[in-house]
Amino acid sequence: MKLKKGKYLFVTGIVVVISIFYTVWMNTKLDKQKNIVNLEHIKMDKEELEFGGLEEKIKLMETEDGGYGYLTEEAKNLVDLYSTYYADKTFEVLRYQNKGILDGESLDLNLFNVDNASLSDIFYYCSLVGDLNKNEEFSKMIENQILELRKSDGTFSQDKGDLENNKNNVDYLATYMALYSLQKIKSSYDFNYVESWYKNSFRKEVDSGSYTIDKMENIKNLVEISKLFNFEIEDALKGKIKGMLKLMKQDLTSNSDTLPLLNLSTLLFLSKEIDEKTGLSSEKVKQILNRYKNEDGGYSLYIGEKSNALSTYLAASILKHELKDTLKNEVLEIESFLKRFELESGYFIPIDTINSDIVSTYYISEISDMLNFDTLKNVDKYLKDLNERDHPYYWVLKFKNDRTSLSPQDFEHIKYLLNAVVSSYTDESDINTLIEIYSYLEILIDSKVEINTDLKQKIKKNVENSVKKALKEDANYSSVQIESYGSLILSKLGEEGSRDLNKAVQSLTSSLNNLGNLEQDELEFLYFTLRAIREINPDQFNEIIEDEKLYSLISKTYISCFVGNGLFSYASDKGNIDLRSTFYGVWVFENVIRK
C-alpha cells in the first residue's frame, strides 16, 4: 500500500484516516521536566500533557532504508478485516492467549455491508468479536447472508458471484468459514447433515486422483471442519494421507523457491493432525522459513514478495509450534512488524510493506530534535537515495544533518531548483511553493552562498504580491500560511523593517483572536502564525505569550487538538490524527506552552 502525499506540506490521500489510533505506552516515561507541563490556569480534563509514548510510536515508523513512513493513524479509513484477523491470530499464537480484541460494545457495523459481504469478511468479523449475540438483529442479518451462499449439496460459496459462476466447484474453505460463523452466532441452522457430508467428502477427496498441492489444501480445510464438530479421521484415510505427505515433503524440499509458505504450513499441520512425523529437522524447517522472511520482520507468501498478514501468521505458528522458543528475536520482530499497522481500537489497516517518504522523515527529524528523541540513527543511509534530490526537504535534512557534506555541486543544484520554482511562480502559487523557496533560500544564505541579485529581486516581488493579496482576505488558515512564509522569505532576504513585512507580522498577531472561530485546522493556523512572529519579531512573540487572554486562547486551542500520548489531530474533534499536526503540536508545546 503506497501512501499518497500532498506535494510538500500536506499529508493526504488513501489514508488521512483515523478516528482511532494505536498508542504504545512506554514502560519508563521521559524526563518529566522535559516532556510534561502543568496547565493549571485553564480548565481541562487532564492536569498534564505528555509525550512519553510518542518516541516509541515513531520508532515503529522507521523503514529499512533509514527513513520513515506514515503514521498508522493516517490510515483509519483503510481498516481491513483480513489483516485484523490474521494479526490477532498471530498475537494469540505468540502469546499463547486469545486476545479477543473486539467485544459486543465495540461492534463497528459500518465495516462492511452485510447484505453484500463475502464469507471471508463475515468469518473474520465473527472470529474477532467476543459475543455477537448481544446484537440479535445483526446476528440474524449475518445468518441470512450466509444461508444465501449455501448450495444444494450443503457446501457454501465465497460470495454471490462465486455462487453463480462456479456452481460445480466445491469450496471447502468457504464451507468451513460458513459453518464456523453459524456456530459463533448460535444459529438455529440444522447441522445434523454435516457429519455424513464430511465423511463422504473426506473419503472422496483422499481417494480422488494422485497427490497435488490443491488436494492437500482441500484435505486441510476438511480437517479444520472436523475440528469444529470433533469428528475423527478414519485410520485408513490417515494411512493414505501419510503417503501424500511424503510426496509433499519431497516437493517442498526440492522446489521451495517457487512454492508458497502455505505449503510448509499445510505439511506441518496435517502431520500433526494424523500423528505423523514430518521428517524435517528443526534446522531444516528454520532454513525453509527464513527464505520467506523480509527485512521488515514480516514474512511473504512467496519468496521475494512483500510481507503480508496471512504469511506472517503462518510463520508465527511455525515458530512457536515447531521451533518453540528457539527464535525469540524473530518473534519480537514479528510483533514489532504487526504493531506498525495497529490502531487503538484493535483493528488493523492493510498489512503490507511500508515505504519511507521524505515528508514523514522530515517531520520525524523536526520532532526528534525538539524532544531529544534518539530516532534518526540511520538517516544518512536514507539520504543516499538520490531519487529525492529534487525535493526541498531532502536538502533541508542534508543540511541539518551534516552541512559540511554539501559540495559545490550540491549548492549549484540547489540554486538550480530555486531558480526553477521561482520561474514557475504565479499569482495562484500556494504555501507549498513558498515553503520550497524558503527552504532553498535558508540553506544558501546560511551557507553564505551567493545568490544572483536579479533572482532575489524576482523572489521579493513575487512574494510581496502574494502577501499583499493575502492581507486583503479575512484571516483563515490559507491566508495565514501565505503571510507566514511570505514574511519568513522577506526576512531571510534582509527586508526587516519593510512596510509589507511589518504589515504581515501585525496581521498575523491580530489573526490570533480568530482562533476560536475556526471549525478545523486550528493547530495549523496556530503554528504558522506563531512561527513567523517568533522568528521575525521575538519581542512581539514574547508579548503574545505574556498576554493572559491570548495565551489562554492559544492553550485552549492546543489542548483541543491534543489527543494523548504525544499525538495531535488537525481539528478539535480529535478524529484526524496525522504526523503533520503532531509536528505542529510539538512545536507549539516547545515554543509556547513550555515557556
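Residues numbered from 1 in each chain as written. Predicted model: local features only at pLDDT ≥ 70, side-chain atom pairs only at ≥ 80, totals over all residues. Heavy atoms only, no water.

### A word on the overall build of the protein chain
Move 1: A tally of helices and strands in the protein chain yields 26 helices and four strands.
Move 2: The buried share among the 595 residues of the protein chain stands at 57%.
Move 3: Within the protein chain, counting contacts between residues at least 6 apart in sequence, those at least 24 apart form 70% of the total.
Move 4: Of the roughly 27,000 Å² that the protein chain leaves accessible, carbon and sulfur atoms contribute 43%. (Helix = DSSP H or I, 4+ residues; strand = E, 2+ residues; numbered from the N terminus. Buried < 20%, exposed > 50% of the residue type's maximum accessible area, 1.4 Å probe, protein only. Contact = heavy atoms within 4.5 Å. Areas by Shrake-Rupley, 256 points an atom, 1.4 Å probe, with all protein chains shown as cover.)

### Describing the packing of aromatic side chains
Move 1: For the structure shown, the criterion picks out 39 aromatic pairs.
Move 2: Taking 3.8 Å as the distance between ring centres and 10° as the angle between the ring planes, the aromatic pair formed by tyrosine 362 and tyrosine 393 counts as stacked. Of this pair, tyrosine 362 sits in helix α15 (residues 358–371) while tyrosine 393 sits in helix α17 (residues 392–402); the two residues are 31 residues apart in sequence, bridging distant segments of the chain. There is no split in this pair, since tyrosine 362 and tyrosine 393 are both buried.
Move 3: For the cation-ring pair, lysine 220 lies above phenylalanine 269, with the distance from its terminal atom to the ring centre recorded as 5.7 Å.
Move 4: One Lys or Arg, arginine 340, reaches over the ring of tyrosine 70 and ends 5.4 Å from the middle of that ring. (Phe/Tyr/Trp six-rings, centres within 6.5 Å; stacked < 30°, edge-to-face > 60°. Lys NZ or Arg CZ within 6 Å of the ring centre and 35° of its normal.)

### A closer look at the confidence of the model for the protein chain
Move 1: On average, the protein chain scores 83 in pLDDT, and the residues at 70 or more come to 87%.
Move 2: The low-confidence segment residues 1–48 (pLDDT under 50) makes 150 contacts with residues lying over four places distant or belonging to another chain. (pLDDT = per-residue confidence, 0-100.)

### Examining the nonpolar core
Move 1: In this structure, Leu418 and Ile459 are the most contacted members of the largest nonpolar core, which totals 92 residues.
Move 2: Leaving out residues up to four positions away in the same chain, leucine 418 has contacts with Ile437, Tyr440, Leu441, Leu444, Leu455 and Ile459.
Move 3: If you look at the next biggest cluster of nonpolar residues, it comprises 91 residues, including Tyr86, Val114, Tyr125 and Phe229. (Core = buried A, V, L, I, M, F, W, Y, C linked by side-chain atoms within 4.5 Å.)

### Section: the packing of helix α20 (residues 453–471) against helix α22 (residues 499–511)
Move 1: As a packed pair, α20 and α22 sit with axes 10 Å apart at the nearest point and diverge in direction by 40°. Where α20 crosses over α22, the handedness of that crossing is left-handed. Residues Glu464, Val467, Lys468 and Leu471 of α20 form the contact with α22, whose participating residues are Asp500, Lys503, Ala504 and Ser507.
Move 2: Broken down by class, the residue content of the contact of α20 with α22 amounts to three nonpolar, one polar and four charged. (Axes fitted to C-alpha atoms, helices over the stretch in contact; angles between N-to-C directions. Left-handed = near helix turned anticlockwise from the far one by under 90°. Nonpolar A, V, L, I, M, F, W, Y, C, P; charged D, E, K, R; others polar.)

### Here we look at the pattern of salt bridges
Move 1: Across all of its chains, the model carries 19 salt bridges by this definition.
Move 2: A salt bridge links lysine 415 to glutamate 412, with the shortest nitrogen-to-oxygen separation between them at 3.2 Å. Here lysine 415 pairs with glutamate 412, and both are found in helix α18 (residues 408–423), just three residues apart, close to one helical turn.
Move 3: On the accessibility criterion, glutamate 412 (48% relative accessible area) is partly exposed.
Move 4: Shared partners join several salt bridges into a network, and the residues in it are Glu366, Asp369 and Lys400. (Salt bridge = Lys/Arg side-chain N within 4 Å of Asp/Glu carboxyl O.)

### Quick notes on the packing of helix α8 (residues 194–207) against helix α9 (residues 213–229)
Move 1: It is at 10 Å that the axes of α8 and α9 come closest, and there the two elements cross at 155°. Of the possible angle classes, the one that applies to α8 and α9 is roughly antiparallel. Where α8 crosses over α9, the handedness of that crossing is left-handed. Here Val194, Trp197, Tyr198, Ser201, Phe202, Glu205, Val206 and Asp207 of α8 come into contact with α9, specifically with Lys215, Asn218, Ile219, Leu222, Val223, Ile225, Ser226 and Phe229.
Move 2: Of the residues in the contact of α8 with α9, the class split is 10 nonpolar, three polar and three charged. (Parallel < 35°, antiparallel > 145°, perpendicular 65-115°, else oblique.)

### Brief notes about helix α12 (residues 282–290)
Move 1: By the burial criterion, the buried members of α12 are Val285, Ile288 and Leu289. On an axial view of α12, the arc spanned by its buried residues comes to 100°, and they lie on one face.
Move 2: Check the buried side of α12 and you find it contacts α10 (235–254), α11 (261–273) and α13 (309–321). (Arc of directions from axis to C-beta.)

### Focus: the environment of leucine 493
Move 1: On the secondary structure map, leucine 493 appears in the loop between α21 (477–492) and α22.
Move 2: Classification of leucine 493 by relative accessible area gives buried; the value is 14%.
Move 3: Spatially, the C-alpha atoms of leucine 493 and leucine 441 are 8.3 Å apart, while their sequence positions differ by 52 residues.
Move 4: Sequence-distant contacts of leucine 493, defined by excluding residues within four places in its chain, comprise Leu441, Lys456, Ile459 and Lys460.

### Things to note about unusual backbone geometry
Move 1: Of note in this structure, asparagine 230 is not a glycine but carries a positive phi near 60°.
Move 2: Examined against the element boundaries, asparagine 230 turns out to sit in the loop between α9 and α10.
Move 3: The backbone of aspartate 275 shows a phi angle near 55°, a positive value even though the residue is not glycine.
Move 4: Structurally, aspartate 275 can be placed in the loop between α11 and α12.

### Some words on the environment of asparagine 372
Move 1: Considering the arrangement of structural elements, one finds asparagine 372 in the loop between α15 and α16 (379–382).
Move 2: Judged by relative accessible area, which is 58%, asparagine 372 ranks as exposed.

### Some thoughts on the side chain of lysine 220
Move 1: Relative to the helices and strands, lysine 220 is located in helix α9.
Move 2: Of the side chains with opposite charge, glutamate 217 lies nearest to the buried lysine 220, which makes no salt bridge, at 4.7 Å. (Lys, Arg positive; Asp, Glu negative; His and termini not counted.)

### A few points about the environment of valine 480
Move 1: Its location among the elements puts valine 480 in helix α21.
Move 2: Note on valine 480: relative accessible area 1%, which makes it buried.
Move 3: Measuring from C-alpha to C-alpha, the distance between valine 480 and tyrosine 527 comes to 9.7 Å, with 47 residues separating the pair along the chain.
Move 4: Discounting residues that sit within four places of it in the chain, valine 480 has contacts with Leu508, Ser511, Phe525, Phe528 and Thr529.

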